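Residue-level listing of the chains:
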Amino acid sequence: MKWNVFNQVTNESQDFTGNAKVQAKRGDLFRVTLKVEDPEGVSMLSLGGSSQWTCVSGEASQQGGPSLDKTDVQTFQPDSNGKVLTNSFLIREANLDFKCQQSGFTFSGGSASYFGTGENYFNGKTQSTLVIEVKP
C-alpha cells in the first residue's frame, strides 16, 4: 500500500509506503491517493477517514469535526478469461479549513486520518493509516 499526498496550495507531492504522518497548516487542501498493488490480484480496496480539531477561548475548549466517516469500497472480480487487476487506487480530497463553531474561539490544532485496506484473492489483507496533523 502506498499513499500519495498532494498539497494543492503549494503543489508539493509526497509518497509514503505503509503508515504515514504528514504536517499541514489550517486551510491547506490536499488530494490523498491510496494505491494498492499485488501481483496475485487485488480483490478489494477501501478508504475511510475521520477528522477532529480543537478550538480554545481562555480556559474553555470545544471539539469540532465534520466527519469523514464515509468509506469508499471497490471490489473486483476476475474477467471472463480469469484475468485480475493487479493494482488500483482511491482518491479523497482533504479540505483542512477547520472552523471554530463559536465566535471568540481560536483554532488550536487537529487532524484528518485516512484508513486504507487492500485484499488479494487469497484473503491476504493489508491495512495502513495516513494522519495529516494540522497546526494553526
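Please refer to the structure placed before this passage.
Note that the structure is predicted; figures quoted are calculated from it, not measured.

### Observations concerning the side chain of S113
(1) Moving on: Within the element layout of this structure, S113 appears in strand β9 (residues 106-120).
(2) Moving on: Leave out the neighbours within four places in its chain, and S113 touches G48, G49, S50, L130 and V131.

### Details of the environment of G104
(1) Moving on: Here G104 is to be found in the loop between β8 (87-95) and β9.
(2) Moving on: Residue classification places G104 among the exposed positions, given a relative accessible area of 58%.
(3) Moving on: C-alpha of G104 to C-alpha of C55: the two residues are 49 residues apart in sequence and 9.5 Å apart in space.
(4) Moving on: In contact with G104, other than residues within four places in its own chain, are V56 and S57.

### Thoughts on the state of the cysteines
(1) Moving on: The full count for this structure, using the stated rule, is one disulfide.
(2) Moving on: There is a disulfide in this structure between C55 and C100, and the S-S distance comes to 2.1 Å. What sets the handedness of the C55 and C100 disulfide is the S-S torsion sign, and at about -90 degrees it is left-handed. Pair noted here: C55 is in strand β5 (residues 42-57) and C100 is in the loop between β8 and β9, with a separation of 45 residues, a long-range link.

### With respect to the packing of aromatic side chains
(1) Moving on: Per the stated rule, a full pass over the model turns up two aromatic pairs.
(2) Moving on: Consider the rings of W53 and F98, whose centres lie 4.3 Å apart with planes at 10 degrees: the pair is stacked. Here W53 is found in strand β5, whereas its partner F98 is found in the loop between β8 and β9, with 45 residues between them in sequence. Accessibility classification places W53 together with F98 in one group, the buried group.
(3) Moving on: Residues F98 and F107 carry aromatic rings whose centres are separated by 6.1 Å and whose planes lie at 45 degrees to one another, so their mutual orientation is tilted.
(4) Moving on: Taken together, the aromatic side chains of W53, F98 and F107 make up a single cluster linked through ring pairs.

### Quick word on the nonpolar core
Note that soluble globular proteins tend to have their nonpolar side chains buried in a common cluster.
(1) Moving on: Among the nonpolar cores identified, the biggest contains 28 residues, and W3, F30, V32, L96, Y114, L130 and I132 are the most heavily contacted of them.
(2) Moving on: Of all elements in the fold, only β1 (2-7), β3 (20-25), β4 (29-37), β5, β8, β9 and β10 (125-135) reach the threshold of two or more residues within this core.
(3) Moving on: Broken down by element, this core gets its largest block of residues, five residues, from β5.
(4) Moving on: If we skip the residues at most four places from it in the chain, I132 touches V22, A24, F30, V32, A94, L96, G110, S111, A112 and Y114.

### Some thoughts on the sheet that holds β1
Sheet strands associate in pairs through backbone hydrogen bonding, adopting either a parallel or an antiparallel arrangement.
(1) Moving on: One open sheet accounts for four strands, arranged β2-β1-β4-β8; its pairing is antiparallel. Each edge of the open sheet is held by one strand with a lone partner, namely β2 (12-17) and β8. In this sheet, adjacent strand axes meet at a mean angle of 15 degrees when their direction is disregarded.

### Considerations on the pairing of β4
(1) Moving on: Here β1 pairs with β4 via six bridges, running antiparallel. Within the sheet, the bridge partner assigned to V5 lies in β4 and is V32.

Definitions and limits used
Residues numbered from 1 in each chain as written. Predicted model: local features only at pLDDT ≥ 70, side-chain atom pairs only at ≥ 80, totals over all residues. Heavy atoms only, no water. Helix = DSSP H or I, 4+ residues; strand = E, 2+ residues; numbered from the N terminus. Contact = heavy atoms within 4.5 Å. Buried < 20%, exposed > 50% of the residue type's maximum accessible area, 1.4 Å probe, protein only. Disulfide = S-S within 2.5 Å. Phe/Tyr/Trp six-rings, centres within 6.5 Å; stacked < 30°, edge-to-face > 60°. Core = buried A, V, L, I, M, F, W, Y, C linked by side-chain atoms within 4.5 Å. Pairing = 2+ DSSP bridges. Axes fitted to C-alpha atoms, helices over the stretch in contact; angles between N-to-C directions.

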